[in-house]
Amino acid sequence: MVEAVLIDLFSLTANLQSNIQGLLHNTLEAIEKCSSIHAPFVYVMCCQRQGSERKGEQESLLPALRGFRSLKRRLEVVCAQTTAAALYTVKQRLDEKDLSIIKIILPTLRKDLMKVYIDHLFTAVYQFEFEDLQVVPDSESLQISEHRHEGQMLPSQDMALIQSEIQMYLESLPSLNGELTILRSSLIPDDIFLHGFTTRTGGISYIPTLSSCNLFSSSKRRDPQIVVKENLRRLANAAGFNPEAFHRVKVDHANAVCIMGKTEPNDYDGIVTDQKGVTLAAPGADCIPVLFADPVRRACGAAHSGWKGTLLGVSMATVNAMVSEYGCNMKDILVVLGPSVGPCCYRLPHESAKEFHRIDPKCVRLFDSANPYIDIRRATRILLERGGILPENIQDDSITDQNQNITFCTACHPDKFYSHFRDGTNFGTQIGFISIKD
């Protein structure tokens, strides 16, 4: 069942206002007849001409909007100067109401164009169907589409123009929920390495559980890749790294490690390099983003360590890769555990808890319960120390000086961090990142 209808009048110019009103009236009439019981939300998308007021644009459509009582409270006119701005505003309205099934009624020659915008601004969470709005195309307003037939691929130049338009619009948006904040460890020397752990503030993601500096996109969440890319661009500007030389682990919740410069595995939870200016990153939204630095050999690494990866030894696998690839001495490697779910909040079924109990009984609290509390940080530290990392070269939540603490519990601090455990499936993601300075 369609939850929302988007009527795209964006390409119709002002000199067709009377035609627009007639088209809109007929379209709304059809919607009302077909959905008198389950009336969908209706959004009318039109172009706000340079120098005009939104109110004036909306008033010009009022004659066509009057009389549709069942749609009155569910109908909104969205005016903007670009398709990107208008469609992104519509997306915000859809997300506010948690709507996912959308019918778009639009001129035939706008269909392929609109699909490109949708591919950039939406994810697989949303379902779209299209219906033709019968209108004689205006030669000036359909410049990209006028010489094409529906179903043809847009020229690459036009695809690039659309992407540029979207990027420019997203760059113009204000940051949400405060300034961008980066947590840094005093253990990693800042004259050699650039590093940090992100928090959730300072980006443009607006969905509550993703707000605002979400740094991961997936087909199951509502934040598209292009929004995450803009958040990353803002982070890179603030931190001082090149977002074009940025490499994030491909999470598999296992212990494979990627060596930069060698064949990249399909999936890996650890990554290492000795190349300057290359930024490595590991995500976390309860799982631990772990950073590794060797100031002697000038090598670094990042790992994503959830409960499965912790048991599989992903942190030591990353350390061992630095030793074997770059000749690092175990005693020189520094390891920092970033924000992650703490033993105060994290529980696992008893069978899984047994594995942590075997590492050390202190890694489990209320062991005899059905879902004991688990300390994946303590388990990570113990495995690193057993592997040869010096205790004083590991920074985690055991640090006594709370002013130096960066290993906060993600579940306990909703204002600072994302948490899958706390927020459910549509959760945001922070990262730990590190690079060797040029």
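Residues numbered from 1 in each chain as written. Predicted model: local features only at pLDDT ≥ 70, side-chain atom pairs only at ≥ 80, totals over all residues. Heavy atoms only, no water.

1. Some remarks on the overall build of the protein
The condition that has to hold: Elements are defined by DSSP. Helices are runs of H or I of four residues or more, strands are runs of E of two residues or more, and each kind is numbered from the N terminus. Buried means the residue's accessible area, taken with a 1.4 Å probe over protein chains only, is under 20% of the maximum for its type, while exposed means over 50%, and partly exposed covers the values in between. Contact definition: two residues touch when any of their heavy atoms are within 4.5 Å.
On a plain count of helices and strands, the protein comes out with twelve helices and 18 strands. The proportion of buried residues among the 438 residues of the protein is 53%. Partitioning the intrachain contacts of the protein with sequence separation of at least 6 by distance along the chain shows that 71% fall at a separation of at least 24.

2. Some details on the pairing of strand S14 (residues 334-337)
Across a regular strand the side chains alternate sides, sitting on one face of the sheet and then on the other. Condition: Criterion used throughout: strands pair if DSSP finds at least two bridges between them.
Side chains Leu-334 and Val-336 of S14 all project onto a buried face; the interleaved residues Val-335 and Leu-337 project onto the opposite face, where all are buried too. Both strand S12 (residues 288-294) and S14 contribute to a ladder of four bridges, which runs antiparallel. The partner of Val-290 across the bridge, within S14, is Leu-337. Where S14 meets strand S17 (residues 394-395), two bridges bridge the pair, whose relative direction is parallel. Across the sheet, residue Val-336 finds its bridge partner in S17, namely Gln-395.

3. Looking at the sheet that holds strand S6 (residues 182-183)
A sheet is described by the order of its strands in space; here five strands give the open sequence S6-S7-S18-S11-S8, paired in mixed fashion. Every interior strand has two partners, whereas the edge strands, S6 and strand S8 (246-248), have only one. Pairing between S6 and strand S7 (residues 193-198): two bridges, direction antiparallel. Paired with Leu-183 across the two strands is Phe-197, which belongs to S7.

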